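Residue-level structural notes
Single-letter residue listing:
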2 protein chains.
Amino acid sequence: MTSDDDYALSEALGAIDSYIGQRIVVTGGLGFIGSNLARVLVKLGAKVTLLDSLIPEYGGNLANISGLEPSLSVNVCDIRDPYAIRHLLSGANYIFNLAGQTSHVDSMTDPNTDLAINVGAQINLLECARLVAPEVKIVFASTRQIYGRPQYLPVDELHPIKPVDVNGINKWAGESYHTLYSEVYGLRSTVLRLTNTYGPRMRIRDSRQTFLGIWIRKVLEGDPFLVFGTGHQLRDFNYVDDVIYALLLAGADIKADGKVYNLGSREIISLRDLAVSLCETASSGFEIVPFPEERRLIDIGDYFGDYSLIQQDLGWEPKVPLIEGLRLTLDYFASRLPEYCD
Amino acid sequence: MTSDDDYALSEALGAIDSYIGQRIVVTGGLGFIGSNLARVLVKLGAKVTLLDSLIPEYGGNLANISGLEPSLSVNVCDIRDPYAIRHLLSGANYIFNLAGQTSHVDSMTDPNTDLAINVGAQINLLECARLVAPEVKIVFASTRQIYGRPQYLPVDELHPIKPVDVNGINKWAGESYHTLYSEVYGLRSTVLRLTNTYGPRMRIRDSRQTFLGIWIRKVLEGDPFLVFGTGHQLRDFNYVDDVIYALLLAGADIKADGKVYNLGSREIISLRDLAVSLCETASSGFEIVPFPEERRLIDIGDYFGDYSLIQQDLGWEPKVPLIEGLRLTLDYFASRLPEYCD
């Protein structure tokens, strides 16, 4: 493995030929996961259109598709724009529906925006798909946040849904719409409940999408970073290429239609140990401090997911060891800080 | 017992003195449950304001408060109107939050309206309450529809949430916001998951709120009515006075704060047997016919709820036998068909 691109690609090329020549729409396509997916889809021979709002506080960044511009289409529009979405979905074979408001804290201070993007726009997208692309396959990126504070570990897909923030409630509604439209209207869709995803092209400007983003920025800038809480909270992490592979499998395999799957990792790690690993990789430091109030209120404690269902059904499992993924991520950003932080 | 008003009242007066002189807002206050609740609250000595949109397809009807007008305030406004809601909640001691889009079929043909009323307006109401009435107690009327097709019977509050229609998804989001605001902001709220409620002042013009409405209308007009499906589907029914009593208990008892409770009934009955009972009470007829397609898709099969949690916590149990409740309902509407059907 020589570059971050090749990792998912080697998996994907071997297993998936469903995407050759297919018309593919990726919502949130200039974001972290969308742009990594786009790189692989292009190499798989797909006709890719990326939709992105480029809202500055979100993950979209034109640097994410640097060099890829001639091989795909970019359409800047908000997923809340019903006319644009209707036009752009027309004739699509696949929709990777990744656009979303992802900040838990922002969802509490501005619940209406979270609702409009994570629920209202999702209904509109599904209604449009039903009208202009009834044969399309949709893969929706949901989140482990919908489970709230785990009642048992690892958390499987049958775990009660008890979100601790507005974002969790709305993401559950958004994914439920996908499942409902699958059951009632036969619109083919699969929901993946992502856990912490990290890797090249993630938002590192601040902690809006994940605390790991700002950790990486601080490390690369040579500053110590903050770990909130006790540092003992357990988490699971997926390197982005593993998530891309799950998205591609979920899109291609008819067994996934109408299903909901957790992602997850064999490696469960405390935030403190993660901080240590990151600092060893990059020679930096960190400090453990109490939660700021607005984060304490919506913290979920320990979390790690049971991903055996997608393993069974689709043969997916995470491949990239955490320490390797962290190294690839730091390597990617080391020479590109201005594109991501200025 | 001589009239429908006295039933809930005799219970409520005996047990509940929390409402004397209190400022109470009832959303959906001109509707079926809201107006029945208002009658009791007025007799309990509360200062009652009813908010209602009077959307013709919904349950609001000025006939529902006939004779009660001098004893309460009516403010006609839509719960989606953020400025009106903010003004009207100011200083409230209790909010009975009953406004909603309740038609399952309408939620499928117009998901955006259902979302705006059952989720968007709920967030707004909670945000307003937090700002202008932080000490208020809110009781929210949710629905058994959120469970979807029962995985076991009777359905308790821990049953998985798997709605089969847009309304079920949105009502779950609406109730989750109430619970969340209770947990995160300490805003006192209780959620009641209602099952089929019937009684005086229900909408009988059509089947928008419940099939039982149109059955009652047909019976009183001397026409046969239609039972969809096999007629073997099991259901539980609550007479409206029992629901009013549950609402009053949930509002008054601090043990209910932050909780979610099913209502339900000891009497479980098939739709066919219910139709037979109704016809015996009123000498009419019915016909069993296949589901219309748009209803078949979202039918939930058998349902009856386990209400032991509210029984334990608040001492609630349903008191009015079905056959008695049907008689009271038919008596009420017999002389009032023009007010409800013209």
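Please refer to the structure placed before this passage.
A few points on the structure. Since this is a predicted model, take the numbers as computed values, not measurements. (Residues numbered from 1 in each chain as written. Chains lettered and ligands numbered in written order. Predicted model: local features only at pLDDT ≥ 70, side-chain atom pairs only at ≥ 80, totals over all residues.)

A look at the relation of the copies chain B and chain A
Its rotation angle being 180°, the transformation that places chain B on chain A also includes 0.0 Å of axial translation and leaves an RMSD of 0.0 Å. This pairing of chains is accounted for by a two-fold axis. (Least-squares fit on C-alpha atoms with pLDDT ≥ 70 in both.)

Focus on the pairing of strand β5 (residues 137-143) of chain A
Residue and element names in this part refer to chain A. Counted residue by residue, β5 has seven buried out of seven residues, so it is predominantly covered. Across four bridges, the pairing between strand β4 (residues 94-97) and β5 is parallel. The residue of β5 that forms the bridge with I95 is I138. Pairing analysis gives seven bridges linking β5 to strand β6 (residues 188-194), with the strands arranged parallel. (Buried ≥ 20, exposed ≤ 12 C-beta atoms within 10 Å, placed from the backbone. Helix = DSSP H or I, 4+ residues; strand = E, 2+ residues; numbered from the N terminus. Pairing = 2+ DSSP bridges.)

A few points about the interface of chain B and chain A
Of the residues lining the interface, 17 residues belong to chain B; the matching set on chain A comes to 17 residues. Mapped by element, the contributors of at least two residues to the side of chain B that touches chain A are α5 (111-132) and α6 (166-185) of chain B. Within the side of chain B that touches chain A, the residues separate by chemical class into 14 nonpolar, three polar and no charged. (Contact = placed C-beta atoms within 7 Å. Nonpolar A, V, L, I, M, F, W, Y, C, P; charged D, E, K, R; others polar.)

As for the packing of helix α5 (residues 111-132) of chain A against α5(B)
Relative orientation of the contacting elements α5(A) and α5(B) amounts to 160°, with a least axis distance of 11 Å. As summarised for this structure, α5(A) and α5(B) are arranged roughly antiparallel, according to the angle between their axes. Here the hand of the crossing between α5(A) and α5(B) comes out right-handed. Counting all contacts with α5(A), which are made through A:P111, A:N112, A:L115, A:V119, A:G120 and A:I123, the residues of α5(B) involved are B:P111, B:N112, B:L115, B:V119, B:G120 and B:I123. Of the residues belonging to the contact of α5(A) with α5(B), the class tally is eight nonpolar, four polar and no charged. (Axes fitted to C-alpha atoms, helices over the stretch in contact; angles between N-to-C directions. Parallel < 35°, antiparallel > 145°, perpendicular 65-115°, else oblique. Left-handed = near helix turned anticlockwise from the far one by under 90°.)

Points about the packing of helix α6 (residues 166-185) of chain A against α6(B)
Between α6(A) and α6(B), the least distance of the axes is 10 Å, while the angle of their chain directions is 170°. Between α6(A) and α6(B), the crossing angle belongs to the class labelled roughly antiparallel. Across the interface between the two elements, A:V166, A:I169, A:A173, A:S176, A:Y177 and A:L180 of α6(A) pack against B:V166, B:I169, B:A173, B:S176, B:Y177 and B:L180 of α6(B). Counted by class, the contact of α6(A) with α6(B) contains 10 nonpolar, two polar and no charged residues.

Side note on helix α12 (residues 322-334) of chain B
Residue and element names in this part refer to chain B. The terminal C-alpha atoms of α12 lie 18 Å apart, and with 13 residues this matches the ideal 18 Å at 1.5 Å per residue to within 8%. Along α12, the positions that sit buried rather than exposed are L322, G325, L326, L328, T329 and F333. One side of α12 holds all its buried residues, which, seen down the axis, span an arc of 165°. Opposite the packed face of α12, turned more than 90 degrees from it, sit the exposed residues I323 and A334. (Expected span 1.5 Å × (residues − 1). Arc of directions from axis to C-beta.)

Remarks on the sheet that holds strand β11 (residues 268-270) of chain B
Strands belonging to one sheet form pairs held by backbone hydrogen bonds; the direction of such a pair is parallel or antiparallel. All names here are of chain B. Overall, mixed pairing links the three strands, which are arranged β7-β9-β11 in an open sheet. Of all the strands in the sheet, the pair left with one neighbour each is β7 (196-198) and β11. Averaged over all neighbouring strand pairs, the angle between strand axes comes to 50°, with direction disregarded. Across three bridges, strand β9 (residues 234-239) lies against β11 in antiparallel orientation. Paired with D236 across the strands is I268, a residue of β11.

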